[in-house]
Amino acid sequence: MSTSASIRKEGAILYGEAFHSKELAPGLKLERAKGAIRLFMDARNAASSEGDGEAWVYATKNHGMTSSMLASTKEFTGRLGSEMVYYYFKEGLSFLTEAYVNGKRLVLATEWYAKLENMFLSVIESAVEYIIDQSEDWRFRCAKLSQLLPSAQASDSTSAHLHVKMASEMMKHTIVCSEQGDYREASSTLHEMYQPLNFARQLLQRLPEQLRPISITAELEDIEHSQRRYLCRVTSAQCRGQAETLEDELLLDNEELNMDLAMIILDLYSQALLAARSALDGEACLESEARAAAGIGTFHHLVLKNEERGHTHLFHAVQLADTITHTAGGAFFNKPWYQKAKTVIEEYRKKRLSFDQAAIAKQRAPTLENLKPQLTAIAASIAAFSGKSYK
């Protein structure tokens, strides 16, 4: 009668032929992989009959590893079809998780756990890569990733990894929506991100700090950072967009200025400014702040006729844009809001210069009037002197 160990060796031979042979045709390799999975299941059952917990864990791990490799190998995915690929990803995670949990009870070598942790990471990355190739719809991708969660629920780190990947897909969609100006959809997606991010954070906190995978923790922190930035940017853009729409309505009205509506517009621009500065970690979205400041400045200058206050905000907007240009390489010279701000600032400068020159002339007028006789005499002397001809 075959033992669990001997059956596992037979499975290992088929595994090698399936994934490392260069001579077999893809169809034969696929059959070898499926045969290996069957043998590893037989080895697992034999280990249960023998009462050998360690052999059971090894067979379970091999079953999960083979299923994961089958789903991850592009040579096979086309032949399997998407439903079977998802099935093998789920099977792989499920069996690897069982091996991991039961292996801890046996206190196996530390290297064995580390290898298995890396295997989890690899499976998730392969699943994400496959799912991304299947659809550009972020909801489809997140739904498929969420279907893997039950298979990995016994492993906090693997479950956290899946939640981080779902949040990552949401973040990608947010960036696209933001670039296209669809701020409502971007805002909705950013708020939906809280659920997977919170779950991932809670799952990682269950683990001792030294056992939290560095790559997952780093990716989680990076996504949270991006979420904060885009929440500031999108909220600011929404408030600014509402202000600009109402400003157009205000300027189309030929009647006297509606001060109630003007104050609402100014309040929306102020909200946009505050939102740009509202990141929890103290960072600011400088471009959003610059655009909001430009909106406030232009509104004060052109609508409320408060030119001095308008100049202050516009000058601040231009300074922020110049800062971004020098530190991050942003270019705003062709942006309508930047050009408008520069134009209004230049008009204010010329008007101020003209006003200052007129004020100086007015201040000098009495003194010039008192000196007029002396100046006239001097001018006459110069004229007489320059008229002499020396021979």
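This section reports on the structure supplied with the text. Keep in mind the model is a prediction, meaning the values are calculated, not measured.

Before going further, it helps to examine the overall build of the protein. The secondary structure content of the protein amounts to 17 helices and 0 strands. Burial statistics for the protein: of 391 residues in total, 43% are counted as buried. Considering only contacts in the protein between residues 6 or more positions apart, those separated by 24 or more positions represent 66%. Counting only carbon and sulfur atoms, one obtains 53% of the accessible surface of the protein, whose full area is about 21,800 Å².

This part covers the environment of Ser 21. Of note, Ser 21 is situated in the loop between α1 (4-20) and α2 (26-50). A distance of 3.3 Å separates the side chain of Ser 21 from the backbone nitrogen of Glu 23, its partner in a polar contact. From its side chain, Ser 21 meets the backbone nitrogen of Leu 24 in a polar contact 3.4 Å long.

The first and last C-alpha atoms of α1 sit 23 Å apart over 17 residues, in line with the 24 Å expected at 1.5 Å per residue. Summarising the contacts, the buried residues of α1 are in contact with α2, α3 (53-72) and α4 (74-80).

This part is about the nonpolar core. Core analysis: the largest hydrophobic core is formed by 65 residues, its most contacted members being Leu 70 and Phe 89. With 11 residues, the top contributor of residues to this core is helix α6 (residues 110-134). Not counting chain neighbours up to four residues away, the residues in contact with Leu 70 comprise Phe 19, Leu 30, Ala 33, Lys 34, Ile 37, Phe 76, Leu 80 and Tyr 88. Judged by nonpolar contacts, the second largest core, of 30 residues, contains Leu 250, Ala 290, Phe 299 and Ala 317.

Helix-helix packing is described using two parameters, namely the angle between the two axes and the distance between the axes. Interaxial distance between helix α13 (residues 259-276) and helix α14 (residues 286-303) falls to 8 Å at its minimum, and their mutual angle equals 160°. Taken together, α13 and α14 sit at an angle that is classed as roughly antiparallel. Crossing angle aside, the handedness with which α13 passes α14 is left-handed. Facing Ala 262, Ile 265, Leu 266, Tyr 269, Ser 270, Ala 272, Leu 273 and Ala 276 of α13, the residues of α14 in contact are Ser 288, Glu 289, Ala 292, Ala 293, Gly 295, Ile 296, Phe 299 and His 300. Its residues assigned to classes, the contact of α13 with α14 comprises 11 nonpolar, 4 polar and 1 charged.

What follows deals with the packing of aromatic side chains. One pair of aromatic rings is described through two measures. These are the centre distance and the angle between the planes. Here the structure, examined in full by the defined rule, presents 11 aromatic pairs. A ring pair is formed by Trp 112 and Tyr 113, whose centres lie 5.4 Å apart and whose planes are at 85°; its orientation type is edge-to-face. Residue class for Trp 112 comes out buried when judged on its relative accessible area of 14%. Each residue in the set Tyr 58, Tyr 100, Trp 112, Tyr 113 and Phe 120 is aromatic and connected to the rest through ring pairs, giving one cluster.

Before going further, it helps to spend a moment on the pattern of salt bridges. Tallying each qualifying case throughout the model produces 14 salt bridges. For the salt bridge of Glu 219 with Lys 165, the shortest nitrogen-to-oxygen distance reads 3.2 Å. Taken together, the residues Glu 219 in helix α12 (residues 214-252) and Lys 165 in helix α9 (residues 156-180) connect sequence positions 54 residues apart. One salt bridge connects Glu 224 with Arg 201, and the closest N-O pair in it is separated by 2.6 Å. In this pair, Glu 224 is assigned in helix α12 and Arg 201 in helix α11 (residues 194-206), connecting sequence segments 23 residues apart. Among the charged side chains, a network of salt bridges with common partners joins Glu 125, Lys 165 and Glu 219.

Cut-offs used in this document
- Residues numbered from 1 in each chain as written.
- Predicted model: local features only at pLDDT ≥ 70, side-chain atom pairs only at ≥ 80, totals over all residues.
- Heavy atoms only, no water.
- Helix = DSSP H or I, 4+ residues; strand = E, 2+ residues; numbered from the N terminus.
- Buried < 20%, exposed > 50% of the residue type's maximum accessible area, 1.4 Å probe, protein only.
- Contact = heavy atoms within 4.5 Å.
- Areas by Shrake-Rupley, 256 points an atom, 1.4 Å probe, with all protein chains shown as cover.
- Polar contact = N/O pair within 3.5 Å; in protein donor to acceptor, adjacent residues only side chain to side chain.
- Expected span 1.5 Å × (residues − 1).
- Core = buried A, V, L, I, M, F, W, Y, C linked by side-chain atoms within 4.5 Å.
- Axes fitted to C-alpha atoms, helices over the stretch in contact; angles between N-to-C directions.
- Parallel < 35°, antiparallel > 145°, perpendicular 65-115°, else oblique.
- Left-handed = near helix turned anticlockwise from the far one by under 90°.
- Nonpolar A, V, L, I, M, F, W, Y, C, P; charged D, E, K, R; others polar.
- Phe/Tyr/Trp six-rings, centres within 6.5 Å; stacked < 30°, edge-to-face > 60°.
- Salt bridge = Lys/Arg side-chain N within 4 Å of Asp/Glu carboxyl O.

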